[in-house]
Amino acid sequence: MSSLSELSAQQREDIRQACGFACVRCGVTIYRYLRLPDGNGATLLCPTCHGLVEEGRLTPMQVQGFHTNPVVRQRHFARDRLPFSPDLPALILGGSRLLKDTPIPLTLEGEPILIFAPPRRSNGATRISVRLGDADGEPVQVVEGNEWMPSDGSWHFLLRGDRYSMMAARGDGLAILRIVARNRIAVEHLRTTIRGRRLEVTPDWLEIDGKRHVGRIGSGMLVGLEC
Ligand SMILES: [Zn+2]
């Protein structure tokens, strides 16, 4: 089974729809595309489950089984734990009160660090994009519209409770997003350096080049704060 980069936009949309807009095994809404063993079609697996396939701990037959019966379509699946909302989520970060209608809460050096968008379909997941600096301070697209981009192990992903954690394998870059409710996301911790500029964010404050600010991010704007 190989990962796919040559899928058309329409093929990707069909795959997302078939899988319920999430990892077919665990329901995480950050995923990679994976070709199915029968050769026709592909499925969605989160970076963790994708890793199990790469390590041989999930067989092609098992993946086919999850694809046939995606977890998000099962009755017991708790959608409220994950960002399945038809609306742009409200955001909690930087000591600002609940940010609404702010798709790009922060840019650093002109780079959009986080982008949120409502799903294209009402039963889809919040579209999340994450752009962080690598160990050399160059920006890297870690997540692009929910697709996990690093395929070389340079970033790690982990679901811990209600948190999506993304960490650089080298350097101290990280982003931890907490799914407070399906339409509410808190930036629990974000840390990155891009071209020598340093940004650190928690729900209560943000630091730009070591200087702390509270409540600087504007609500109801395309870009909440340019750093
Ligand atoms: Zn998974």
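Residues numbered from 1 in each chain as written. Predicted model: local features only at pLDDT ≥ 70, side-chain atom pairs only at ≥ 80, totals over all residues.

Asker: Report on the sheet that holds strand β5 (residues 111–112), specifying residues and quantitative values.
Answerer: Within a sheet, neighbouring strands are paired by backbone hydrogen bonds and run either parallel or antiparallel to one another. With mixed pairing, the three strands of this open sheet are ordered in space as β5-β4-β17. Edge positions in the open sheet fall to β5 and β17 (223–226), since each of these has one partner strand only. Judged from the two bridges that link them, strand β4 (residues 104–108) and β5 form a sheet pairing that is antiparallel. Bridge pairing in β5 places Leu108 opposite Glu111. (Pairing = 2+ DSSP bridges. Helix = DSSP H or I, 4+ residues; strand = E, 2+ residues; numbered from the N terminus.)

Asker: Lay out the domain arrangement of the protein with the relevant residues and their values.
Answerer: By domain assignment, the protein separates into domain 1 (9–77) and domain 2 (90–226). Centre-to-centre, using C-alpha coordinates, domain 1 lies 25 Å away from domain 2. With ten residues of domain 1 at the interface, the matching set in domain 2 holds twelve residues. Here the residues of the side of domain 1 that touches domain 2 sort into seven nonpolar, two polar and one charged. (Domains from an automatic or database assignment. Contact = placed C-beta atoms within 7 Å. Nonpolar A, V, L, I, M, F, W, Y, C, P; charged D, E, K, R; others polar.)

Asker: Got a sec to walk through the environment of Ile194? Specific residues and values, please.
Answerer: Looking at the element boundaries, Ile194 is found in strand β13 (residues 184–194). Expressed as a C-alpha distance, the spacing of Ile194 and Ala168, which sit 26 residues apart in the sequence, is 13 Å. Once residues within four sequence positions are removed from consideration, Ile194 is found in contact with Leu108, Glu109, Glu111, Gly133, Gly137 and Pro139.

Asker: An account of the pairing of strand β11 (residues 163–168) is requested, with residue identities and associated values reported.
Answerer: Burial along β11 is one-sided: the face carrying Tyr164, Met166 and Ala168 is buried and the face carrying Arg163, Ser165 and Met167 is not. By the bridge criterion, six bridges tie strand β10 (residues 155–160) to β11 in an arrangement that is antiparallel. Residue His156 lies in a different strand from β11, and its bridge partner there is Met167. Counting the residues that bridge the hairpin from β10 to β11 gives two residues, and of these Gly161 lies at a positive phi of roughly 60 degrees. By the bridge criterion, five bridges tie β11 to strand β12 (residues 174–181) in an arrangement that is antiparallel. Looking at the pairing, Met167 lines up with Leu174 of β12. Hairpin connection of β11 to β12: five residues between the antiparallel strands, including Gly171 at a positive phi of 85 degrees. (Buried ≥ 20, exposed ≤ 12 C-beta atoms within 10 Å, placed from the backbone.)

Asker: An account of the sheet that holds strand β6 (residues 114–117) is requested, with residue identities and associated values reported.
Answerer: Sheet architecture is open: four strands sit in the order β6-β7-β8-β9, paired in antiparallel fashion. Looking at the sheet topology across the chains shown, the edges are occupied by β6 and β9 (147–148). Across four bridges, the pairing between strand β7 (residues 127–133) and strand β8 (residues 139–144) is antiparallel. Looking across to β8, one finds that Leu132 is bridged to Val140.

Asker: Provide a residue-level description of the nonpolar core, including the pertinent values.
Answerer: Membership of the largest hydrophobic core comes to 57 residues, with the highest contact counts inside it found for Ala22, Cys23, Ile30, Tyr31 and Leu44. Formed jointly, this core draws a minimum of three residues from each of two domains, domain 1 (9–77) and domain 2 (90–226). (Core = buried A, V, L, I, M, F, W, Y, C linked by C-beta atoms within 7 Å.)

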